[in-house]
Amino acid sequence: MGLGGCLMTAVVRDMELSIRKAVDSVTARPEWRQTSISVNTNGEMEGFFDTRKMERVFFNLLLNACEASAPGQCQIEVEARSSADDFEVRIIDHGGGIPESVRDSLFDPFVSSGKPNGTGMGLAIVKKIVQDHGGSVCVERSSAAGTTFLLKLPRHVPVPTQEIVTAPEEGRPSPHLR
């Protein structure tokens, strides 16, 4: 189990690949096909994490960034850096910013602003998955010129017990978290 009690399978994966899969999923949607999403990385991008859950994190953040941007003018930047122990990933949009009225509760369930069909669950899910990986997520800055979300994640998931299994696609050992 992850830190929050959800079953999580962490294997050696490439963080950039997870980001790019989320980019592809967002830009596959008809309303976001013309969106410009750049991905810049610096450092070693391999680490232990649950790839599907991490793709969900990036999908939710990128979709929110698209929805915050003006139609036809959606430009998003993803900057990912790593050190020996950690990843730092920034999702940067050039939308209108996050209203003051929801900034303190942004990651709470059912908090939504400016989206007619928003459920308010996207960022709550992001926070839960990131915390299950031993990381944190926050709004680094928000203004009328845009918003930057910052994720900090360990490259190796801290867990109390691990069982070593082999990742089928890559044939490398990985901890299976229970």
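Scroll up to find the structure this text is about.
Just so we're clear, the structure is a prediction, and the values are computed from it rather than from any experiment.

Draft legend 1. Structural view of the pairing of strand 5 (residues 75-82). Burial along strand 5 is one-sided: the residues Ile76, Val78, Ala80 and Ser82 are buried and none of Gln75, Glu77, Glu79 and Arg81 is. Here strand 3 (residues 36-42) pairs with strand 5 via 7 bridges, running parallel. Within the sheet, the bridge partner assigned to Ser36 lies in strand 5 and is Gln75. Bridge count between strand 5 and strand 6 (residues 86-93): 6 bridges; the pairing is antiparallel. Across the sheet, the residue bridging to Ser82 is Phe87, located in strand 6.

Draft legend 2. Seen up close, the side chain of Thr148. The topology assignment puts Thr148 in strand 8 (residues 146-154). A relative accessible area of 4% places Thr148 in the buried class.

Draft legend 3. Spatial organisation of helix 1 (residues 15-27). In this model helix 1 runs 19 Å from its N-terminal to its C-terminal C-alpha over 13 residues, within 8% of the 18 Å that 1.5 Å per residue would give. Along helix 1, the residues that are buried comprise Met15, Ser18, Ile19, Ala22, Val23 and Val26. One face of helix 1 carries all of its buried residues, which in axial projection span an arc of 140°. A distance of 2.8 Å separates the backbone nitrogen of Glu16 from a side-chain oxygen at the start of helix 1, and that oxygen is part of Asp14.

Basis of the calculations
- Residues numbered from 1 in each chain as written.
- Predicted model: local features only at pLDDT ≥ 70, side-chain atom pairs only at ≥ 80, totals over all residues.
- Heavy atoms only, no water.
- Buried < 20%, exposed > 50% of the residue type's maximum accessible area, 1.4 Å probe, protein only.
- Helix = DSSP H or I, 4+ residues; strand = E, 2+ residues; numbered from the N terminus.
- Pairing = 2+ DSSP bridges.
- Expected span 1.5 Å × (residues − 1).
- Arc of directions from axis to C-beta.
- Polar contact = N/O pair within 3.5 Å; in protein donor to acceptor, adjacent residues only side chain to side chain.

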